[in-house]
Amino acid sequence: MNTKTNIFVSHPLLLSSLQLIILMMFVTQTQPMRLHTDSRWIVDESGNRVKLACVNWPSHLQPVLAEGLNKRPLDDIAKEIVEMGFNCVRLTWPLYLAINDSISSLTVQQSFHNLGLSDSLAGIVLNNPSITNLTLIQAYQWVVMKLGENNVMVILDNHLSVPGWCCSGSDGNGFFGDEFFDPEQWLEGLAKMATLFNNTQNVVGMSLRNELRGPGQNVTTWYKYMQEGAERVHSSNPNVLTILSGLSFDNDLGFIGNRPVSLTYNGKLVFELHWYGFSDGSAWASGNPSQVCRNVVNSLKGRALFLLSHGWPLFVSEFGIDERGSNENDNRYSNCMFGLMAELDLDWAVWGLQGSYYLRQGTVELDETFGVLSFDWSRARNKTFLQRLQAIQPPFQGPGVSKVSPYDIMFHPLTGLCVITTNEAQPQLVLGSCLDAEAWGYDKSQQTSTLTSIKTDLCVEAQGLGEPVTLSKVCSSPSVSWEIISVTRMQLSSRLADSTAVCLDVGAGAAIVTKPCECPDDGDHTCDPAGQWFKMVNSTRSYKSASVFSRREEILQELM
Ligand SMILES: *[C@@H]1O[C@H](CO)[C@@H](O)[C@H](O)[C@H]1NC(C)=O
Ligand SMILES: *[C@@H]1O[C@H](CO)[C@@H](O)[C@H](O)[C@H]1NC(C)=O
Ligand SMILES: *[C@@H]1O[C@H](CO)[C@@H](O)[C@H](O)[C@H]1NC(C)=O
Ligand SMILES: *[C@@H]1O[C@H](CO)[C@@H](O)[C@H](O)[C@H]1NC(C)=O
Ligand SMILES: *[C@@H]1O[C@H](CO)[C@@H](O)[C@H](O)[C@H]1NC(C)=O
Ligand SMILES: *[C@@H]1O[C@H](CO)[C@@H](O)[C@H](O)[C@H]1NC(C)=O
């Protein structure tokens, strides 16, 4: 399988597939979307920021087909991805799809038949009849094409070598030289995939290898092969971003600080990081959330976040939680994670789209509790989680986003909502969509500052325990003076007239109220202050000059 043409001539085509193939060729001839980097930002050909807000879609498990095609037509799934606000898919593939003919030349039907997945196959025949007789590599191209028709960008992610669930430290797929990870085969596979999708309009990047790991991993070998892999991809396909994973399950890129990656080309290098709750064991559940958040973010600075200030984009290409809401470790992590994602305005890909797997680790139709979609793929699994993702989909800043002078957005990571004002005679502060976020002026360089609505010049004033805050014309009393407290820098504290310290919180009807500050840094592991976490996020997005009264009822309905 050296080129696209080879694939098509080396396997007999069935008439039912012919139209599809012609369409694919047509699509692949249109202008590719070329992204490049501009310091830490990913930008388009006009230099405007393109924020990657992606969802992972696995296609690397034993059947080697994008999950869920037994549940819904592909075009529906692609449209659902767009409707949920994602602009991109990180589409996984196993190396064997590219280099092992005994796999790439199987038809979808044969692959499912061989695994005894007759019910899944029946679902595919029903929902996506045109793919049953495609080979696995053709089916992969077909998924890319359909995403392209819906203007969804694709990042090809080489997830492992042998089709199956990933990743363990001892599965033979972890590092160069492992049982199933021959560097030469890998380089060959990368070149083939890069060539196959050269000039495919919506393929904008390649993740060279997912989660390098295991006892064999070391920095010297990382540079040797990752640089070689990036060069191979670039020479086969100069359009794509080359995305490099760190060591230790893509938790560690700290070594880049000591030795830069050396490539013959510029403007295409991106680093990827994975960050889950379980990346830190059960630290979140067993510690005080503020302290754990501070510690984990500090550790991430040395392992990855420093890359931003060194002028490299950082793509958080996997993160996610058990969306049932019952895993305390995940819940606590998610509040810290969403705060950081917003603050740094990172590019990202959530794990994952899939509500279920055809076959994972021996279980047929396994439910994915981290899936953005429900088990039957028909709807969002958890609307609150989706809302939180949607808050960080549009960029807050970066080239081309700078429409107005910098201001702050008050982002509430727990809900994915932002502080907005209503335009009633007596304006009120409530949580609402971040698209309608109020623009705030807050001087972070001072110990305390007023919190001023830029549109109206009114100041936020604390009124009493449990009472909604108000907007005041007089911006000089102590109760309009706000301090960012706690090691998380996410609690905003002021003093009432009687000098009681209070913190911003969310009350009935999503109103912004003041309450006693919850466990600021007292180390209590049973106390979770995240309801009081507001992240002040730099933004240069243009904001509406009219306020958003019309949406208020809608917002309240959603929240209550
Ligand atoms: C190709 O895949 C088959 C099935 O997994 C495997 O038995 C075979 O060893 C692979 N061949 C190579 C060259 O990796
Ligand atoms: C797939 O090919 C088989 C023959 O192998 C044929 O019976 C079947 O109708 C084809 N299915 C589709 C959907 O084209
Ligand atoms: C680095 O990793 C490679 C591949 O696993 C191995 O061959 C080499 O011995 C390792 N080097 C060190 C210094 O550990
Ligand atoms: C890939 O496409 C570019 C044009 O975008 C072309 O210059 C180059 O020759 C192609 N590379 C390969 C390996 O086909
Ligand atoms: C969604 O997640 C929240 C926690 O963020 C949880 O309270 C709720 O029960 C979850 N809903 C569903 C339908 O799982
Ligand atoms: C936010 O803006 C301030 C002032 O321009 C700047 O000092 C700070 O580094 C910015 N923070 C982030 C996370 O971009």
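Residues numbered from 1 in each chain as written. Chains lettered and ligands numbered in written order. Predicted model: local features only at pLDDT ≥ 70, side-chain atom pairs only at ≥ 80, totals over all residues. Heavy atoms only, no water.

**Describing the sheet that holds strand 6 (residues 203-207)**
Where strands meet in a sheet, backbone hydrogen bonds hold them as pairs that are either parallel or antiparallel. The sheet built from eight strands closes into a barrel, its strands ordered 3-4-5-6-7-8-9-10 with parallel pairing. Sheet twist, expressed as the mean angle between neighbouring strand axes with direction ignored, is 25 degrees. In the sheet, strand 6 pairs with strand 7 (residues 241-245) via three bridges, with the strands oriented parallel. Residue pairing across strands places Gly205 opposite Leu241, the latter belonging to strand 7. Seen against the sheet, helix 10 (residues 219-236) touches strand 6, strand 7 and strand 8 (269-274) and runs at an angle of roughly 160 degrees to strand 7. (Pairing = 2+ DSSP bridges. Helix = DSSP H or I, 4+ residues; strand = E, 2+ residues; numbered from the N terminus. Axes fitted to C-alpha atoms, helices over the stretch in contact; angles between N-to-C directions. Contact = heavy atoms within 4.5 Å.)

**Remarks on the UniProt feature "domain: Glycoside hydrolase family" (unreviewed entry) in the protein chain**
Summarizing the sequence annotation, UniProt attributes the feature "domain: Glycoside hydrolase family" (unreviewed entry) to residues 70-353 in the numbering used throughout. Secondary structure across residues 70-353 divides into 45% helix and 14% strand, with the first and last C-alpha atoms of the span separated by 14 Å. (UniProt positions renumbered as here; feature names shortened; annotations may be inferred.)

**With respect to the nonpolar core**
Ranked by internal contacts, the top residues of the largest apolar core, which has 124 residues, are Trp57, Leu69 and Trp222. Per element, the largest residue contribution to this core is ten residues, and it comes from helix 13 (residues 289-309). For this core, the two domains that each supply at least three residues are domain 1 (3-391) and domain 2 (407-559). Formed by 23 residues, the second largest nonpolar core is a distinct cluster that contains Ala462, Leu471, Ala510 and Met536. (Core = buried A, V, L, I, M, F, W, Y, C linked by side-chain atoms within 4.5 Å. Buried < 20%, exposed > 50% of the residue type's maximum accessible area, 1.4 Å probe, protein only. Domains from an automatic or database assignment.)

**Here we look at the packing of aromatic side chains**
As enumerated under the stated definition, the model contains 22 aromatic pairs in all. Their ring planes at 65 degrees and their centres at 5.0 Å tell us that Phe176 and Trp186 sit as a pair that is edge-to-face. Taken together, the residues Phe176 in the loop between strand 5 (153-160) and helix 9 (183-196) and Trp186 in helix 9 connect sequence positions ten residues apart. Taking relative accessible area as the criterion, Phe176 reaches 7% and is therefore assigned buried. Relative to Trp186, the ring of Phe181 has its centre 6.1 Å away and its plane inclined at 70 degrees; by these criteria the two rings are edge-to-face. The rings of Phe175, Phe176, Phe181, Trp186 and Tyr225 are connected pair by pair, giving a single aromatic cluster. Over the aromatic face of Trp41 sits the side chain of Arg40, whose NZ or CZ is 3.9 Å from the ring centroid. The ring of Trp165 has Arg360 lying over it, and the distance from NZ or CZ to the ring centre is 3.5 Å. (Phe/Tyr/Trp six-rings, centres within 6.5 Å; stacked < 30°, edge-to-face > 60°. Lys NZ or Arg CZ within 6 Å of the ring centre and 35° of its normal.)

**Describing the pattern of salt bridges**
In the structure shown here, the tally under the stated rule is 20 salt bridges. The partner of Asp345 in a salt bridge is Lys51, and the shortest N-O contact between them spans 2.6 Å. You can see Asp345 sitting in the loop between helix 14 (328-344) and strand 10 (347-350) and its partner Lys51 sitting in the loop between strand 2 (41-43) and strand 3 (53-57), a full 294 residues away along the chain. Residues Asp345 and Lys51 agree in their burial class; the two are buried. Residues participating in the shared-partner salt-bridge network are Arg49, Lys51, Asp345 and Asp347. (Salt bridge = Lys/Arg side-chain N within 4 Å of Asp/Glu carboxyl O.)

**Quick word on helix 9**
The end-to-end C-alpha distance of helix 9, which contains 14 residues, comes to 20 Å, matching closely the 20 Å that a straight helix rising 1.5 Å per residue would cover. Within helix 9, burial applies to Pro183, Trp186, Leu187, Gly189, Leu190, Ala191, Lys192, Met193, Ala194 and Leu196. (Expected span 1.5 Å × (residues − 1).)

**A few points about the site of ligand 4**
Around ligand 4, the neighbouring residues are Arg34, Asn198, Asn199, Ser236, Pro238 and Asn239. Asn198 is positioned with one of its side-chain polar atoms (N or O) 2.4 Å from an oxygen atom of ligand 4. The contact in question runs from an oxygen atom of ligand 4 to an N or O atom on the side chain of Asn199, over 2.8 Å. Against a free-state accessible area of 360 Å², the protein chains account for coverage of 48% of ligand 4. Each residue belonging to the shell around ligand 4 can be placed in one class, and the counts come to one nonpolar, four polar and one charged. (Near = heavy atom within 4 Å. Polar contact = N/O pair within 3.5 Å; in protein donor to acceptor, adjacent residues only side chain to side chain. Areas by Shrake-Rupley, 256 points an atom, 1.4 Å probe, with all protein chains shown as cover. Nonpolar A, V, L, I, M, F, W, Y, C, P; charged D, E, K, R; others polar.)

**Examining helix 7 (residues 118-127)**
Of all the residues in helix 7, the buried ones are Ser120, Leu121, Gly123, Ile124 and Asn127. The arc that holds every buried residue of helix 7, seen down its axis, measures 155 degrees, which confines them to one face. Opposite the packed face of helix 7, turned more than 90 degrees from it, sit the exposed residues Ser118, Asp119 and Leu126. Buried residues along helix 7 sit in contact with helix 6 (108-114), strand 11 (356-360) and strand 12 (363-367). (Arc of directions from axis to C-beta.)

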